[in-house]
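Chain residues, written in single-letter form:
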Amino acid sequence: CSFVRCYIVVAFVTFVNYMCIFQVVGHKEGLDVMERADPLFLLIGLPTIPVMLILGKMIRWEDYVLRLWRKYSNKLQILNSIFPGIGCPVPRIPAEANPLADHVSATRILCGALVFPTIATIVGKLMFSSVNSNLQRTIL
C-alpha cells in the first residue's frame, strides 16, 4: 500500500515538473533543455519545482510587502501623490497564524501553487505578445 502511494507521489511530481517546464519555456525549448541538461541536475532540480511553488504560496509575503509599504510610504512623496491618504494608518485585523490550520486552506495552497505557472503563461501571452522568448514572457 505504501509502495502504491510512493509511486503516485513520484508520478504526480514528475507530471507537474514536465508541465511547468513545457508551459513556461515552451515544448521544443523544454525538450532541448532537458536533453542537454545533466541527469544529476534533473534528478535534484526538477523535484524542487513543485516544492518551491507550494512553499512560495505558503509564505505570507503580502504581509511583509504591506509592512514595508507602510513603513516607507511616508518617506516617498511620489507615492503620496499617486495614492492619497496612504499615510493614514488603518487598523489591521491579524490573519490566521497557521496557514495550514484547516484542510480547505491546505487544498487552496496546493491548487493555487500548482496553477500559478499556467496563469503566468496565459497572462504573459496576453500582455507581452511582442516578447519572443517564452521564458521572458512568463516571468514578465
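This is a predicted model, so every value here is computed, not measured. (Residues numbered from 1 in each chain as written. Predicted model: local features only at pLDDT ≥ 70, side-chain atom pairs only at ≥ 80, totals over all residues. Heavy atoms only, no water.)

1. A look at the overall build of the chain
Using the following cut-off: Counting from the N terminus, the helices are the DSSP runs of H or I reaching at least four residues and the strands are the DSSP runs of E reaching at least two. Think of it in three bands: with a 1.4 Å probe and only protein chains considered, a residue is buried below 20% of the maximum accessible area for its type, exposed above 50%, and partly exposed in between. The contact rule is simple, with two residues in contact once any of their heavy atoms fall within 4.5 Å. Computed by Shrake-Rupley with a 1.4 Å probe, the accessible areas treat only the displayed protein chains as cover when residues are assessed.
Within the chain, the regular secondary structure consists of 8 helices and 0 strands. Expressed as a percentage of the 140 residues in the chain, the buried residues total 20%. A sequence separation of at least 24 residues applies to 57% of the contacts in the chain between residues at least 6 apart. By element, 71% of the accessible surface of the chain is carried by carbon and sulfur atoms, the whole surface being about 10900 Å².

2. As for the UniProt feature "transmembrane region" (unreviewed entry) in the chain
Filter applied, for reference: UniProt positions are given in the numbering used here, feature names are shortened, and annotations may be inferred rather than shown by experiment.
Here, UniProt's "transmembrane region" (unreviewed entry) annotation points to residues 7-25, 37-55 and 106-128. Spanning residues 7-25, this segment combines 100% helix with 0% strand, and its end C-alpha atoms are found 27 Å apart. Structurally, residues 37-55 comprises 79% helix and 0% strand, and the distance from its first C-alpha atom to its last is 25 Å.

3. Overview of the packing of helix 1 (residues 2-25) against helix 4 (residues 48-58)
To characterise two packed helices, one gives the angle between the axes of the helices and the distance between these axes. The condition is simple: Every axis in this analysis is a line fitted to C-alpha atoms, fitted for helices over the stretch in contact. Angles between the N-to-C directions lie between 0 and 180 degrees. Any angle that falls under 35 degrees is termed roughly parallel, while one over 145 is termed roughly antiparallel, one within 65 to 115 roughly perpendicular, and all others oblique. Gly counts as polar in this scheme, as do all residues outside two lists: the nonpolar Ala, Val, Leu, Ile, Met, Phe, Trp, Tyr, Cys and Pro, and the charged Asp, Glu, Lys and Arg.
As a packed pair, helix 1 and helix 4 sit with axes 8 Å apart at the nearest point and diverge in direction by 85°. Taken as axis vectors, helix 1 and helix 4 run roughly perpendicular relative to one another. The residues of helix 4 that touch helix 1, namely those facing V13, V16, N17, C20 and I21, are I49, P50 and L53. Of the residues contributing to the contact of helix 1 with helix 4, the split by class is 7 nonpolar, 1 polar and no charged.

4. Focus on a nonpolar patch on the surface
Rule in force here: Exposure above 30% relative accessible area and the absence of a salt bridge qualify a residue for a patch, where like charges join within 9 Å and nonpolar side chains (Val, Leu, Ile, Met, Phe, Trp, Tyr) within 5 Å. By salt bridge we mean one thing: a side-chain nitrogen of Lys or Arg within 4 Å of a carboxyl oxygen of Asp or Glu.
A cluster of nonpolar side chains, V115, I119, I122, V123, L126 and M127, forms an exposed patch at the surface whose accessible area comes to about 570 Å². Tracing the chain through its elements places I122 in helix 7 (residues 103-127).

5. Digging into the side chain of R137
Stated precisely, the cut-off is as follows: Asp and Glu are treated as the negative residues and Lys and Arg as the positive ones, with His and the ends of the chain left uncounted. The term polar contact refers here to a pair of N or O atoms within 3.5 Å; inside protein, the definition further demands a hydrogen-donor-capable atom paired with an acceptor-capable atom, and it admits residues adjacent in sequence only when both atoms are side-chain atoms.
On the secondary structure map, R137 appears in helix 8 (residues 134-139). This buried residue, R137, is left without a salt bridge; E29 holds the nearest opposite charge, at 8.1 Å. A polar contact of 3.2 Å, which involves the side chain of R137, links it to the backbone oxygen of V131.

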